[in-house]
Amino acid sequence: MKTNKIGLDQEKSVALSKDLNTLLANFQQYYLNLRGVHWNIKGKRFFDLHEKFEELYVDANLKVDEIAERILTLGGTPLHTFEDYTNAAKVPVGKDVTKDVEAVQLIVDSLSELLTIEREILDASDDANDEGTNAMMSDLITEQEKTVWMFTAWLSE
């Protein structure tokens, strides 16, 4: 088995980098969705949601950077063009979303897609004995599951 500079199986690290690039592309779409709903939200819940959406997009921007840096740590190259993101993203695109329920549902749907990708990466990183990627996925999953729970509770009023 050939290992990379951090002692992981080179072949598995390449595969994980590709998976992480898929996550990166989807996180970028999620980030764009959050920016869009932050800017365009209207209605009686504007103030609360505008602030919450900003909190989420600031956090998502940090996560994008962490994912890209993990790809680099594994020896890969992060995707970095809108074309790459568009081609790889499965997260739904939220265009002209202005209503509170639609915006929150978009976030729940986006996070659900991210969770699916992250669980697949978690399994692959476990198989590769890649604790760094594994820990990152565990942290993302835990945080996003809680966000989905909270927004689902909000939707059930």
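Everything in this summary refers to the structure shown in the same document.

The rules behind these values
Residues numbered from 1 in each chain as written. Predicted model: local features only at pLDDT ≥ 70, side-chain atom pairs only at ≥ 80, totals over all residues. Heavy atoms only, no water. Patch = residues over 30% accessible without salt bridge, like charges linked within 9 Å, V, L, I, M, F, W, Y side chains within 5 Å. Areas by Shrake-Rupley, 256 points an atom, 1.4 Å probe, with all protein chains shown as cover. Salt bridge = Lys/Arg side-chain N within 4 Å of Asp/Glu carboxyl O. Lys, Arg positive; Asp, Glu negative; His and termini not counted. Charge placed at Lys NZ, Arg CZ, Asp CG, Glu CD. Helix = DSSP H or I, 4+ residues; strand = E, 2+ residues; numbered from the N terminus. Buried < 20%, exposed > 50% of the residue type's maximum accessible area, 1.4 Å probe, protein only. Core = buried A, V, L, I, M, F, W, Y, C linked by side-chain atoms within 4.5 Å. Contact = heavy atoms within 4.5 Å. Phe/Tyr/Trp six-rings, centres within 6.5 Å; stacked < 30°, edge-to-face > 60°.

### A few points about a negative patch on the surface
Side chains of Asp-19, Glu-120, Asp-123, Asp-126 and Glu-131 sit close together on the surface and give a patch of like negative charge. The leading source of residues in the negative patch is helix α4 (residues 100-127), at 3 residues. Judged by its relative accessible area of 30%, Asp-19 is partly exposed.

### Some remarks on the nonpolar core
Leu-20, Leu-23, Phe-27, Tyr-30, Phe-53, Ile-67 and Ile-107 are the most contacted members of the largest nonpolar core, which totals 42 residues. Put simply, the parts of the chain that give this core at least two residues each are α1 (10-40), α2 (46-73), α4 and α5 (131-155). Residue contacts for Leu-23: discarding those within four places in its chain leaves Ile-67, Leu-114, Ile-117, Glu-118, Ile-121, Met-137 and Leu-140.

### A closer look at the environment of Lys-2
For Lys-2, the location among the structural elements is in the segment before α1. For Lys-2, a relative accessible area of 65% translates into the label exposed. Separated by 124 residues in the primary sequence, Lys-2 and Asp-126 place their C-alpha atoms 18 Å from one another. Not counting residues up to four positions away in its chain, the partners in contact with Lys-2 are Leu-8, Asp-9 and Gln-10.

### A look at unusual backbone geometry
Phi angles above zero are rare outside glycine, and Asp-96 is one such case at about 55 degrees. Along the chain, the position of Asp-96 falls in the loop between α3 (82-88) and α4. Judged by relative accessible area, Asp-96 falls into the exposed class, the value being 61%. In this structure, Asn-129 is a non-glycine residue whose phi angle is positive, near 60 degrees. For Asn-129, the position within the fold is in the loop between α4 and α5. With relative accessibility at 65%, the residue Asn-129 sits in the exposed group.

### Brief notes about the packing of aromatic side chains
Per the stated rule, a full pass over the model turns up 4 aromatic pairs. For the ring pair Phe-46 and Phe-47, a centre distance of 5.2 Å and an interplane angle of 80 degrees mean the geometry is edge-to-face. Given the relative accessible area of 25%, Phe-46 is considered partly exposed. A ring pair is formed by Phe-82 and Tyr-85, whose centres lie 6.4 Å apart and whose planes are at 90 degrees; its orientation type is edge-to-face.

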